[in-house]
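Working through the structure, step by step
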2 protein chains.
Amino acid sequence: MTNVPVDVVVSEVGPRDGLQNIKRAMPTDQKIRWVAALAEAGLREIEVGSFVSPKLLPQMADAEEVVRAASRIPGVVVLALAPNLKGAERAVAAGVDTITMPVSASREHSMANLRMTPEEAVEQVRKVRRLCDELPSKKIRLEVGISTAFGCSLQGLVSESWVMELAVLVAKAGAESVGLSDTAGYANPTQVKRMFTQLKRELGDKAGAAHFHNTYGQGLANVVAALDAGVKTFDASQGGLGGCPYAPGATGNIVTEDLVFLLESMGLRTGIDLERLLEARKIIIEALPGEQLYGHVSNTELPKGFVYASATDRSVPV
Amino acid sequence: MTNVPVDVVVSEVGPRDGLQNIKRAMPTDQKIRWVAALAEAGLREIEVGSFVSPKLLPQMADAEEVVRAASRIPGVVVLALAPNLKGAERAVAAGVDTITMPVSASREHSMANLRMTPEEAVEQVRKVRRLCDELPSKKIRLEVGISTAFGCSLQGLVSESWVMELAVLVAKAGAESVGLSDTAGYANPTQVKRMFTQLKRELGDKAGAAHFHNTYGQGLANVVAALDAGVKTFDASQGGLGGCPYAPGATGNIVTEDLVFLLESMGLRTGIDLERLLEARKIIIEALPGEQLYGHVSNTELPKGFVYASATDRSVPV
C-alpha cells in the first residue's frame, strides 16, 4: 500500500442514489433534515438529488427545493445528478456546486437507464460543459461516473479497454473528474486496483471517485484496492440505501458508517464523526419506517480504544 | 499486490466457532449432514468441533461423534479446537487430523476465555506438542491462533510487539502454524498487512491463517490486506455464524460464501463450488430455524458472466 492518501473524501450519495431506488418518497422536509444532519456529522460532499423527469422518478421531484436548502449549509459541496442538458439546466438554476453525470459503458444498460448510447451520453457531457462555461457568475464543477465499469447485470462482461476509452472521451468532452462506478456490484479488488491504476495513467488528476455497490458484500474490500491505487474520493450511502432499477439484483451502495469506520481505523482522515453520523441514520428510520437498512457499525459500540485518524499524529504505515 | 498466492485455502469454522456461540445446539445428525455438504461443496479443511467441558459448552458435547463421522469423508482435513492437554487427548482419541489451540494475547480475554494466562496457554501448547510427538501411529498437526491479536473488547488495545513475541513463543513451543485471530472484529487493513508481514518475517513458513470476525463489517477488507501480505489460509463460517461469548459485541466470523466469491472473483482458486455451498447453507436454515445468518452472495444470483478462477488460465495481475 504505497499510494494511500492520508486525507480522503467520503461523498454521501444516499439522498440521491439511495432515495431514488426505493419505492416510497422521503418527504422533502425530512430530506432536508437528513442532509443537515449529515453535514453536522462532517460530510463535506453530499449528492442531494437527481434532475430527471418527475414522471420517471417521483422520489426526486423535489430536487430543486432540496438543493436550495442544502446550499444554505456552510461548508458543504452540494452535488446533484443530471443525465442530460435539460437536467443540468435545472440543476444550475437550483444552485448546485457540482453536477454529476452518468455515462454507462454497457450499451444495454445505457439504453435502459439513460435511453442513449454511450456516445450520445458523451455528447450530453459536452453540452453541459458548454453550459457551465457560459455561466456568467458561479463556477460549477462537472463530474462524470462511468456506470457498469466493472460489469453489467444486463450485458455481463464489459470491456476494460472500452471503459478506459470512454473515460478519455468523457474527459475530453469536459468533465473535470471521471470516476468508475460498480453499478451491479460485480467488481473485485484485483480488477479495481488494475482499472483505477489504469484510469490514473490515462487521466492523471482527472481520475475521479470510486462508486461501489455492495450487492455481493465486496464493497469495502474494493475500497482497500482502490485506496491502493491512489483513489481519494469514495461514494457511499448512509444505511446502504440504494441500487439501480435497471440493474436487477443490485442492492445499495456501500454503507457510509462502515466506510468511515474503515478509513478512520486505517489512519485516513475523513473529518466525519461516527457518533453524529449514527444520529443522522435515525432520521432515515423515522422518515422511512420499516425500510431495509444495512451496515455493521450501527449494531454495536465503537471498539474499546478506538481513535480517529485525525486525533493521531501517526503517519500511515506502508 | 505482489505476494498474492494463486491457490488459497478456505478453512470452514462454522461447525465449531459458529455453533459454539449460539444458544441452541444443532442436533448431531444435522451437524454431520452439514459437514458432509460442506465437503461436497469443495471445502478441504473443516473445524468440526471443540473439545471443551460439555458443562461449559453443551453445544460441543458431541465433538467425538462429529469428528468420527467427518474423518470418514475422503479428502477432508478434520480440525478440532482444544484449549488444553485434556481436550487434545480427547481430540486425538476421536481421530482428528489437526488440533487447533487458542492462545490469547489479551490477558483479560485469556483469563475470561481460557482461565489461563497467555504464558500458561503456551505451556499447554508445549504439552500437546509432546502428546502429538509421542503418538505411535498417526501424525497429527498442531496449529495455534493468537486470539485478540488486533485488539480486545475487554482490554482495548493489545500491543503488537507482544503479539509477535507470543507468536514466536508459541512456535517454539511446537505449533506447526501460528495464525492471527481478530476475535473482536477490531482489525483494519493497514494493521492486518503490517502484522501479517511481521508475522511472516518472524515465523517464515510457520506463519498461519487469518481469522477475521465481521463485527464492524470489515472482514473482507481485511482479507484483501492479508492476501497482500501473503496469507494463504482464511477461516470463515458459513452464514457468518459465530462470535465469542467472552468478547461482548463480537458477531460472527466472515461469511464463507462471500469470502469464496471474493477469492474466486480475484482469480484465486479455492476449489469451492458456490452453488453447492449455498445448498449447504440450507441445512443450517433447516436445522436451526430462525437463527440469524449473514452474507450477501446468498441473496442474489451470481453475476452474469461470472467465471471461477479454476476455470481460467489467467495469471493474477499484480
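Residues numbered from 1 in each chain as written. Chains lettered and ligands numbered in written order. Predicted model: local features only at pLDDT ≥ 70, side-chain atom pairs only at ≥ 80, totals over all residues.

**Quick notes on the overall build of chain A**
Test applied: Each helix is a run of H or I in the DSSP string that is no shorter than four residues. Each strand is a run of E no shorter than two, and both are numbered from the N terminus. Taken over C-alpha atoms, the radius of gyration is set against a globule rule of 2.2 Å times the number of residues to the power 0.38. Buried residues are those with 20 or more other C-beta atoms within 10 Å of their own C-beta, exposed residues have 12 or fewer, and partly exposed residues lie in between; C-beta atoms are placed from the backbone. Residues are treated as contacting if the C-beta atoms built from their backbones sit within 7 Å of each other.
Across its full length, chain A carries 11 helices and eight strands. Computed over C-alpha atoms, the radius of gyration of chain A comes to 18 Å, within 12% of the 20 Å expected from 2.2 N^0.38 for 318 residues, which places it in the range of a compact globule. Summarising its shape, the C-alpha atoms of chain A cover approximately 55 × 45 × 40 Å along the three principal directions. Within chain A, the proportion of its 318 residues that are buried is 56%. The long-range share in chain A, meaning contacts at least 24 apart out of those at least 6 apart in sequence, stands at 75%.

**Focus on unusual backbone geometry**
Residues and elements named next belong to chain A. Even without a glycine there, the phi angle at Arg 115 is positive, about 55°. Its place among the elements puts Arg 115 in the loop between helix H5 (107-114) and helix H6 (118-133). Here Arg 115 falls in the exposed class, since 12 other C-beta atoms lie within 10 Å of it. You will see that Thr 148, though not glycine, has its phi angle at about 50°, which is positive. By the element assignment, Thr 148 lies in the loop between strand E5 (141-147) and helix H7 (160-172).

**Some points on helix H11 (residues 274-287) of chain B**
Working note: α-helix, 3.6 residues per turn, so residues spaced by three or four point in the same direction. Residues and elements named next belong to chain B. For clarity, the threshold we go by: An expected span of 1.5 Å times one less than the residue number is assigned to each helix. What the arc covers is the set of directions going from the helix axis to the C-beta atoms.
The terminal C-alpha atoms of H11 lie 20 Å apart, and with 14 residues this matches the ideal 20 Å at 1.5 Å per residue to within 8%. Buried within H11 we find Leu 274, Leu 277, Ala 280, Arg 281 and Ile 284. Seen from one end, H11 has its buried residues packed into an arc of 110°, which puts them on one side. Facing away from the buried side of H11 by more than 90 degrees, the exposed set consists of Glu 275, Lys 282 and Glu 286. Buried residues in H11 make contact with helix H2 (28-40) and helix H10 (256-265).

**Thoughts on the interface of chain B and chain A**
Spelled out, the test is: Charged means Asp, Glu, Lys or Arg here, nonpolar means Ala, Val, Leu, Ile, Met, Phe, Trp, Tyr, Cys or Pro, and polar covers whatever is left, Gly included.
Of the residues lining the interface, 40 residues belong to chain B; the matching set on chain A comes to 40 residues. Those elements giving two or more residues to the side of chain B that touches chain A turn out to be helix H8 (189-203), helix H9 (219-228) and H10 of chain B. Tallying contributions element by element places H9(B) first for the side of chain B that touches chain A, with five residues. The residue makeup of the side of chain B that touches chain A, split by class, is 19 nonpolar, 16 polar and five charged.

**Regarding the sheet that holds strand E1 (residues 9-12) of chain A**
All names here are of chain A. Selection criterion: Only strands joined by at least two bridges in the DSSP assignment are considered to pair. Here an axis means a line fitted to C-alpha atoms, over the contact stretch when the element is a helix, while the angle between two N-to-C directions is reported on a 0 to 180 degree scale.
Strand order in the closed barrel formed by eight strands is E1-E2-E3-E4-E5-E6-E7-E8, and the pairing between neighbours is parallel. Geometrically, the sheet is characterised by an average inter-axis angle of 30° between neighbouring strands, direction not taken into account. Pairing of strand E4 (residues 98-104) with E5, which is carried by seven bridges, proceeds in the parallel orientation. Across the sheet, residue Met 101 finds its bridge partner in E5, namely Val 144.

**A few points about the sheet that holds strand E6 (residues 177-182) of chain B**
Residues and elements named next belong to chain B. Within the closed barrel, the eight strands sit side by side as E1-E2-E3-E4-E5-E6-E7-E8. Their pairing is parallel. Adjacent strand axes in the sheet meet at a mean angle of 30°, parallel and antiparallel pairs treated alike. In terms of strand pairing, strand E1 (residues 9-12) meets strand E8 (residues 233-236) through four bridges, oriented parallel. Residue pairing across strands places Glu 12 opposite Ala 236, the latter belonging to E8. Contacts between helix H7 (residues 160-172) and the sheet are confined to strand E4 (98-104), strand E5 (141-147) and E6, with E5 contributing the most and set at about 165° to the helix.

**Description of the pairing of E5(B)**
All names here are of chain B. We count it as follows: By convention, orient the strands away from the viewer: a clockwise path from the first strand over the helix to the second makes the crossover right-handed.
Across the seven residues of E5, six count as buried, placing the element largely inside the fold. Two elements, E5 and E6, share four bridges in a ladder whose sense is parallel. Residue pairing in the sheet places Gly 145 in a bridge with Gly 179 of E6. This β-α-β element, E5 to H7 to E6, shows right-handed connectivity.

**Some points on the pairing of strand E2 (residues 45-50) of chain A**
Regular strands place their side chains on alternate faces of the sheet. Residue and element names in this part refer to chain A. Most of E2 sits inside the fold, with five of its six residues counted as buried. In this sheet, E2 lies alongside E1 in parallel orientation, the contact comprising two bridges. Within the sheet, the bridge partner assigned to Ser 11 lies in E2 and is Glu 45. Note that E2 and strand E3 (residues 77-81) share five bridges and pair parallel. The residue bridging Glu 47 from the neighbouring strand is Leu 79, located in E3. Taking the sense of rotation as the criterion, the β-α-β connection linking E2, helix H3 (residues 63-71) and E3 turns out right-handed.

**Topic: the relation of the copies chain B and chain A**
We count it as follows: When the copies are superposed, the least-squares fit draws on C-alpha atoms of residues that have pLDDT of at least 70 in both.
The two copies are related by a screw motion: chain B maps onto chain A through a turn of 180° and a shift of 0.0 Å along the axis, at an RMSD of 0.0 Å. On the angle and the small slide along the axis, the relation comes out as a two-fold axis. Looking at the rotation axis and the C-alpha trace of chain B, the residue lying nearest is Ala221(B), at 1.9 Å. Comparing interface residues between copies, 100% of those in chain B also sit at the interface in chain A, which points to an isologous, same-surface contact.

**Overview of the packing of H7(B) against H8(B)**
Residues and elements named next belong to chain B. Where we set the bar: In this scheme the crossing of two helices becomes right-handed for a clockwise turn of the near helix relative to the far one and left-handed for an anticlockwise turn of less than a right angle.
Packing of H7 against H8 leaves a shortest axis separation of 10 Å and a crossing angle of 35°. Our pair here, H7 against H8, has a crossing hand that is right-handed. Contact with H7, carried on its side by Glu 160, Val 163, Met 164, Ala 167, Val 168 and Ala 171, involves Met 195, Gln 198, Leu 199, Glu 202 and Leu 203 of H8 and no other residues of that element. A per-class count over the contact of H7 with H8 returns eight nonpolar, one polar and two charged.

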